[in-house]
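Secondary and tertiary structure notes
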Amino acid sequence: MYCSIALAATAAAALASAQTFNLTNSTAGYINYTTVTGFFLQDEATTNVTAFDYTATNFGLINRTYPATTGLTGNLTQWQKFEAQVNALNANAPLDTAYKVLFMGRHGEGYHNAAQTYYGTPAWKCYWAELNGNATVTWADADLTPAGIAQAEVANAFWQHEITYQHIPYPQSYYTSPLTRCLKTANITFSNLDLPGYYPFIPTVRELFRESIDIHTCDRRSNRTYIHNLFPTYNIDPSLTESDELWNGVTGETSAAQDARSKKVLDSVFDSDDHTWISITSHSGEIASILRVLGHQTFSLSTGAVIPVLVEAKFLVMGPAPSSPAYTTSTHCAAPPVTSLATLSQGCVCSGTSVGGITTPIYNATVSTAAPSYPTGYYGM
């Protein structure tokens, strides 16, 4: 909707300068994204990412004044002031520009996260992640561990606190990755909040909000029927196929390919959703990719954490043609690796005859019952 208005509003200017634009590498209809900085601590280069706690910092919202609230009387919370500023930005924006606030939440800890911690990153990435699980637990399309459930419950309690005491704007639209850990994190976070009837928690499941597509089985999604049966009230996007057609256990997307995918799904949201306040439940790798597309500084999220971003979107008549970077074939080991080295293209240093790694999927391999089990009391195992 925004796009059609914007195209009409800027057509004359674009046509006037068309002779100077490289039409060979351009496309009609393009959305350019910019992070509007100065509102959240996560925008600031001086913020300590490692120690950052969104629940201790009002989601990171900076205590400051805004032009839109100058002269206003009344005891407004910081979120009410920020809401007024965002509304003013949209009210005064050209027809080709829209502002949205994205609340991007990473899923709670999954069994794959716990397994990586237990085995160590080299062994996890080069061998264990290519299996469906070990002798005691499954991490294909990983579920939440008890710790992950608790992290989602923390998010739920904090959202309720912010709604009650800070009068934070309600999310008006909800989106989630189709992977189990995100489906469940979104449900735990939002399903029992005091939400208005006109903004109910009915998330849309979007294929392209999934985690980085690689050879790890934790990132292979379950089928559409499973998702529907798990959460019948969720709105599953029509484009989401019955089976996972993007994961094959052999190739993985590069950062450039993931960024192209992230822009595509952002375009679909900004072009079709008129709402301003939007929740997205996704993954560390995918949120990092979205932040790159938005021009945001790098900001890593721990499991269960949330980052809000104020986004300016300009709807242009023409822009760079969409790219489709090729996927790469990934190698891994047929047994737990010796180590991994950053200087190697795939990183894995395997034992035995396949020192350089193999490309044949091993997720259907039978794991010996003698495989290392998790210690008693280890979360989720």
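Going along each chain's sequence as written, the residues are numbered from 1 onward. This being a predicted model, a pLDDT of at least 70 is required before a residue's local features are given, and a value of 80 or more before pairs of side-chain atoms are given or counted; all residues contribute to the totals for chains, interfaces and linings. Computation of side-chain values covers all heavy atoms of the structure but excludes hydrogens and water.

**Re the packing of aromatic side chains**
- Each Phe, Tyr or Trp ring (for Trp, its six-membered ring) is paired with any other whose centre lies within 6.5 Å, and the angle between the two planes then decides the class: stacked below 30 degrees, edge-to-face above 60, tilted in between. Under the criterion given, the structure shown has 33 aromatic pairs.
- Taken together, a centroid distance of 4.3 Å and an interplanar angle of 15° make the contact between Tyr119 and Trp128 stacked.
- If you follow Lys100 out to its NZ or CZ, it ends over the ring of Phe270, 5.5 Å from the centre.
- Distance and angle both matter: a charge sits over a ring if NZ of Lys or CZ of Arg is within 6 Å of the ring centre and within 35 degrees of the ring normal. The cationic tip of Arg220 hangs over the ring face of Tyr363; the distance from NZ or CZ to the ring centre is 5.2 Å.

**A few points about the nonpolar core**
- Buried residues of nine kinds, namely Ala, Val, Leu, Ile, Met, Phe, Trp, Tyr and Cys, make up a nonpolar core once their side-chain atoms join them within 4.5 Å. Between buried and exposed lies partly exposed: a residue is buried under 20% and exposed over 50% of the maximum accessible area for its type, with that area taken using a 1.4 Å probe on protein chains only. Tyr33, Trp79, Phe82, Leu102, Met104, Phe270 and Leu294 are the most contacted members of the largest nonpolar core, which has 61 residues in total.
- Considering every element that reaches this core, the biggest residue donor is strand 8 (residues 306–320), with 7 residues.
- Not counting the four nearest positions on each side in its chain, Leu294 is found in contact with Tyr33, Thr34, Thr35, Leu102, Met104, Leu266, Val309 and Val311.
- Counting residues in each nonpolar core, the second largest holds 15 residues, with Tyr119, Ala129, Leu131 and Ala142 among its members. A run of H or I in DSSP counts as a helix once it spans at least four residues, and a run of E counts as a strand once it spans at least two, with each numbered from the N terminus. Any pair of residues with heavy atoms lying within 4.5 Å of one another is described as a contacting pair.

**Regarding helix 9 (residues 284–293)**
- Counting buried residues along helix 9, 7 of its 10 residues qualify, which places the element largely inside the surrounding structure.
- For helix 9, the full list of buried residues reads Gly285, Glu286, Ile287, Ser289, Ile290, Leu291 and Val293.
- With its phi angle positive at about 75°, Gly295 sits one or two positions after the end of helix 9.

**A short note on the pattern of salt bridges**
- For this analysis, a salt bridge means a side-chain nitrogen from Lys or Arg found within 4 Å of a carboxyl oxygen belonging to Asp or Glu. Enumeration over the complete set of coordinates arrives at 10 salt bridges.
- Between Glu207 and Arg221 there is a salt bridge, with the nearest N and O atoms lying 2.9 Å from each other. One end of the pair, Glu207, is in the loop between strand 4 (204–205) and helix 7 (224–230); the other, Arg221, is in the loop between strand 4 and helix 7, with 14 residues separating them in the sequence.
- The class of Arg221 is buried, set by a relative accessible area of 4%.

**Re helix 6 (residues 180–190)**
- Along helix 6, 8 of the 11 residues are buried, which leaves the element largely enclosed by surrounding structure.
- Inspection of helix 6 places Thr180, Arg181, Cys182, Leu183, Thr185, Ala186, Thr189 and Phe190 among the buried residues, and these make up the whole buried set.

**Some thoughts on the side chain of Ser173**
- Of note, Ser173 is situated in strand 3 (residues 173–176).
- With relative accessibility at 10%, the residue Ser173 sits in the buried group.
- Here Asp273 takes part through its side chain, which lies 2.8 Å from a polar atom of the side chain of Ser173.
- Any N or O atom pair separated by 3.5 Å or less is treated as a polar contact, with the protein-specific requirement of one donor-capable and one acceptor-capable atom, and with residues adjacent in sequence counted only for side-chain atom pairs. One polar contact links Ser173 to His275, side chain to side chain, over a distance of 2.6 Å.
- Excluding its chain neighbours within four sequence positions, the residues that come into contact with Ser173 are Asp273, His275, Trp277, Ile278 and Ser279.

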